[in-house]
Amino acid sequence: MRLLIIEDDATIRESLAVEFADAGFGVEQAVDGREGLYYALEYPIDLAVIDLGLPEISGLDIIRELREKGKTYPILILTARDRWQDKVDGLSAGADDYVVKPFHFEEVNARVNALLRRSGGWASSILVAAPVKLDMSRQDVTVDDKAIELTSFEYKIIEYLMVRAGQVISKTELTERLYDQDFERDSNVIEVFIGRLRKKLDPENTINPIETLRGRGYRFALERSQSD
Amino acid sequence: MSSLSARLLVSVSVLLLFFFGATIVVLDTAFRKAGEQAREDILDGHLMQLLAAAEPDADGVLDLPPDLPEARFGNIGSGLYAELRDESSEIVWRSRSALGLDIPLGVIPEPGNLLFLEESLEDNTPLLTVSMAVQWEIADNELKSYVFKVAESLDSFNAQVAGFRRQLFSWFAAVALIMLLSISILMRRLLRPLRQIESEIGDIEEGRRASLSEAFPTELAGVARNMNLLIDSERARSERYRHTLDNLAHSLKTPLAALRALLREIVAQKDIAGRFDEQIDRMDEIVRYQLRKPAASVAGKLVLAPVAVAKEVGRLVDGLSKVYRDKNPVIDVDIADRIRFRGDIGDFLELAGNLLDNACKWCERRVRIRIVPAIIAGASAGGIEIVVSDDGPGIPGEAVDALLQRGMRLDESAPGHGIGLAIVKDIARSYGGDLTIQASDLGGAEVKVTIPPAPES
């Protein structure tokens, strides 16, 4: 998943970027409103974390502009202003949730994950498509309640596919969202990882969780179960 | 001109000057006109007498007898003079009274006509004259032209007019003086309450009294009441500031001391970050609580536009539905028609936002917000009641006090729990209202905030 962080305070921005990268996200950073709006409109991103008090263009204006231009990805507000008036303004402008400074990274991370899975239509952070179960907060995957050992990159792929269960995801999209920008983009690598994932999740080749649609991409094909 | 009474006195004086001036001019003119008319009539009478008394003498020259009926013609310098001139304007006869005087010739009128003129003697004594030209038949068919002229000195008349004028002036001056005097006395009486307000404000500034007294006339009672509100709110605000700053200073000292202590340990102990965090949270909560104190002062409420409650609640419900989308609570909104919150919009959002947020946080599935006019004994209409309930676990009675006390004892409390209710209570109190917590018919807690109507202005 690719995040955009728009925050003018370098300490907060960089610490968020490092923590999110460690948590397996691709991260874009913008230092002011103008740059932020540009990235938010032009880059392939899955979620934006936007500070409200930005130089150049305010966070509220960015959110309004993004929603006007038809960007539907979730937006999380960071704000030092804690009055309901500010929160309501942000939410009405088109944001989906807010975190008040000073925050714990765990809280921001939890909100981001919640927004991402909600945007895929999941109501809980445990995504279940029997027999596969993925716990976003613990970042683990089980099949028939047996834990599956995954590398972080494998986890990122299955999480991305499973959050969007039922949708066709192209190789390009996977590469864009899962690699950092300066990473070498080689779609063969994706194929290799998908192959490994299939073996780990479905060693007997009975449930076939990931479909390949020739020329179009991949799809997580198992039916979503009621998750809670 | 800063004094009201000075303004009034000057305006009234100018008005009186105009009014009395015009009256004096009108009366004076009328008096003079009437006097002049009377004078002319008298002169006319004298002239007719002379005409009747005139007889041609032996030489055929018109002459007048020495003893005329009007005695003043016989007394030298009496002020009433007469003369008779022939067609070459030579004096044929003149009254004894005109002895040594030179009555000006003036204009000779058309025969048979009377002509009144204002002329003057050589010594500038003003005269009113009447002259008449006649054709006198002396012998058979012999006509001779004569001019009769009667003049009267205007000295006495002028003196009379001047006397009248003097009297007029002195009466009017007396009346004006009495009027101005009574107006200034009236003004003093009328302005006494204003002066009292002024001196009372002075006393307040110098700390000799706490607020304005209540005993003012109806017109000023509102002003005095508002002044008192303003003074009270200013005082409350500065107290609140002092209090807030004191609180901040004191309550931040403990966590800072704790941090310092932790710093000393940091070298020895590795897993210290969590405890650092705890202190940072505590300080954050303190700052948050102190800075979210009510925005509107009592005086501010007099000038604030009322908040359209339904729209703001709608925004809050939309926003909270996003935030609590996983729980997806059903939020019933029941708002009386056209109800308004008379206060700061931020304060209202803080009240409703905190209550709704808490309810969404604790509910199983259902939240209800009801905003209706408050019925408060002894208060007029305009107050509102905000009731938020949920179907969550509710708040046990013994915890209520502790929850509401949080604001006051923040520096002693453990971090991590909401300070929303304490903030709501503070705001409600600042509007003269209150907050109560009880069990809801939905099964959880019901928090009721009552806000009385804004003080009447």
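Residues numbered from 1 in each chain as written. Chains lettered and ligands numbered in written order. Predicted model: local features only at pLDDT ≥ 70, side-chain atom pairs only at ≥ 80, totals over all residues.

With that out of the way, let us pick up the overall build of chain A. Regarding its fold elements, chain A presents 8 helices and 12 strands. By the burial criterion, 39% of the 228 residues in chain A qualify as buried. Considering only contacts in chain A between residues 6 or more positions apart, those separated by 24 or more positions represent 57%. (Helix = DSSP H or I, 4+ residues; strand = E, 2+ residues; numbered from the N terminus. Buried ≥ 20, exposed ≤ 12 C-beta atoms within 10 Å, placed from the backbone. Contact = placed C-beta atoms within 7 Å.)

Let's shift gears to the overall build of chain B. Looking only at helices and strands, chain B features 9 helices and 14 strands. The burial tally for chain B puts 24% of its 457 residues in the buried class. Here the contacts in chain B between residues at least 6 apart in sequence split such that 63% fall between residues at least 24 apart.

Our focus in this paragraph is the interface of chain A and chain B. Contacts between the two partners involve 15 residues from chain A and, on the opposite side, 18 residues from chain B. Those elements that place two or more of their residues in the side of chain A that touches chain B are helix H4 (84–93) and helix H5 (105–119) of chain A. Here the element with the most residues in the side of chain A that touches chain B is H4 of chain A; it accounts for 6 residues.

The next thing to look at is the packing of helix H3 (residues 59–68) of chain A against H4 of chain A. All names here are of chain A. Put simply, H3 and H4 touch, their axes get as near as 8 Å, and they point 20° apart. Between H3 and H4, the angle is such that the two are roughly parallel. On the side of H3, the interface is formed by Leu 60, Ile 63 and Arg 64, while H4 contributes Asp 89, Gly 90 and Ala 93. Its residues assigned to classes, the contact of H3 with H4 shows 3 nonpolar, 1 polar and 2 charged. (Axes fitted to C-alpha atoms, helices over the stretch in contact; angles between N-to-C directions. Parallel < 35°, antiparallel > 145°, perpendicular 65-115°, else oblique. Nonpolar A, V, L, I, M, F, W, Y, C, P; charged D, E, K, R; others polar.)

A few words now on the confidence of the model for chain A. The predicted structure's coordinates, where accompanied by low pLDDT, should not be read in detail. The pLDDT averaged across chain A works out to 85; a share of 95% of its residues lies at or above 70. Averaged pLDDT values for the elements of chain A fall to 79 in helix H7 (residues 171–178) of chain A and rise to 94 in H3 of chain A. (pLDDT = per-residue confidence, 0-100.)

Residues and elements named next belong to chain B. On average, chain B scores 81 in pLDDT, and the residues at 70 or more come to 88%. Scored below 50 in pLDDT, residues 408–417 shows 14 contacts in the model against residues more than four places distant or in partner chains. The ipTM assigned to the predicted complex is 0.76, against a pTM of 0.59.

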